[in-house]
Amino acid sequence: MPLTSPRLWVIATPLGNPGDLSPRARRALEGADLVLAEDTRLAARLFRECGIPLRSFTSFFEHNEEKRQEEVLSALRSGGNVALITDAGTPLLSDPGYRLVTACRKENIPVSPIPGPSAPVAALSAAGLPPVPFSFLGFLPRDVSGRKKILEKYAPVPGSLVFFERKDRLEESLGLALEILGPRKFAICREMTKEHEEFICADLADYKKYCQNLLGEITVVIGPAETESRSALADAKEILQKFLESGRKPREAARLAARELSGWPSKELYSLAGQFRDGQNNKSGTESDKIDN
């Protein structure tokens, strides 16, 4: 497809190494009438590093995407070539652009991807964990309750989980992952394609050893549940019952039991604790009926 054909070009840019910009992406950026950039300063640096003539950029980020949309659509309707890039990697994956692409599709404005670097795919390709199936969670929510909610949602989903996380929240998020997902393999993929690239691959149970003094962009891959080493249901019930009988509340009992068992997320044990409670209530109700009769 000719790169001069008017449309919205969704262009993947390097994660850190300028050599990863494809020749096709370079030609599209050189020929664009308008370049939408999440951070115009980073975009200008990319152009300099890649030897692309500098131009004026239009900022396009989460908080101004809706405001900029009509301006961009007007340029596209007039036959302009518009290039959408993000700070690094493939646009729309935890970055702005989804609303714009959707609007273009509604108006039958052509949209074409120029594929290339993608942090989730790069991490999966080198982490040594099962790459398919996988679920990409983007950036985890900032608040603890939000992170718990999304991890609980994906706990029963087969396959690996991939997400971005800030270094100052990494330890807390991995602790929540261990609590909710149970024992798994994981990898911290740091500064991919850059000089200080690092892959830390270990057991999630040992996460605290690896969270200190980490710098740069971090992508986390958590492998699938290790079902082959899952503790027997009878053992799960026995240990859970032990904590419940000691006076622990169901949620706390589930969390403590998860630490002693293999392959049992605390969410699943909490559900099992609810079954115990319901069973006990049914039993009590039956006995009361007998007394009343």
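The structure we're discussing is the one just above.
Parameters at a glance
Residues numbered from 1 in each chain as written. Predicted model: local features only at pLDDT ≥ 70, side-chain atom pairs only at ≥ 80, totals over all residues. Heavy atoms only, no water. Buried < 20%, exposed > 50% of the residue type's maximum accessible area, 1.4 Å probe, protein only. Helix = DSSP H or I, 4+ residues; strand = E, 2+ residues; numbered from the N terminus. Pairing = 2+ DSSP bridges. Phe/Tyr/Trp six-rings, centres within 6.5 Å; stacked < 30°, edge-to-face > 60°. Lys NZ or Arg CZ within 6 Å of the ring centre and 35° of its normal. Axes fitted to C-alpha atoms, helices over the stretch in contact; angles between N-to-C directions.

Caption draft 1: Representation of the pairing of strand E1 (residues 8-11). Covered by surrounding structure in E1 are Leu8 and Val10 together with Trp9 and Ile11, the residues of both alternating faces. The sheet contact formed by E1 and strand E4 (residues 82-85) spans three bridges and is parallel. Each bridged residue has a counterpart across the sheet, and for leucine 8 the counterpart in E4 is valine 82.

Caption draft 2: The arrangement of the packing of aromatic side chains in detail. Summed over the entire model, instances satisfying the criterion amount to three aromatic pairs. Plain terms: the ring middles of phenylalanine 136 and phenylalanine 164 are 5.2 Å apart, the flat faces sit at 70° to each other, and that makes the pair edge-to-face. Placement of the pair is phenylalanine 136 in strand E6 (residues 134-139) and phenylalanine 164 in strand E7 (residues 160-164), with a sequence separation of 28 residues. Residue phenylalanine 164 is classed as buried on the basis of its relative accessible area of 12%. Taken together, Phe136, Phe139 and Phe164 form an aromatic cluster joined through their ring pairs. Its guanidinium or amino end placed over the ring of tyrosine 270, arginine 251 lies 4.3 Å from that ring's centre, counting from NZ or CZ.

Caption draft 3: Fine view of the sheet that holds strand E9 (residues 198-203). The strand order across the open sheet built from five strands is E6-E7-E10-E8-E9, with neighbouring strands paired in mixed fashion. Pairing within the sheet leaves two strands with one partner each, and these edge strands are E6 and E9. Recorded for the sheet is a direction-independent mean angle of 15° between the axes of neighbouring strands. Across four bridges, E7 lies against strand E10 (residues 218-222) in antiparallel orientation. For leucine 161, the partnering residue across the bridge sits in E10 and is isoleucine 222.

Shape is all these values report; function is a separate question.
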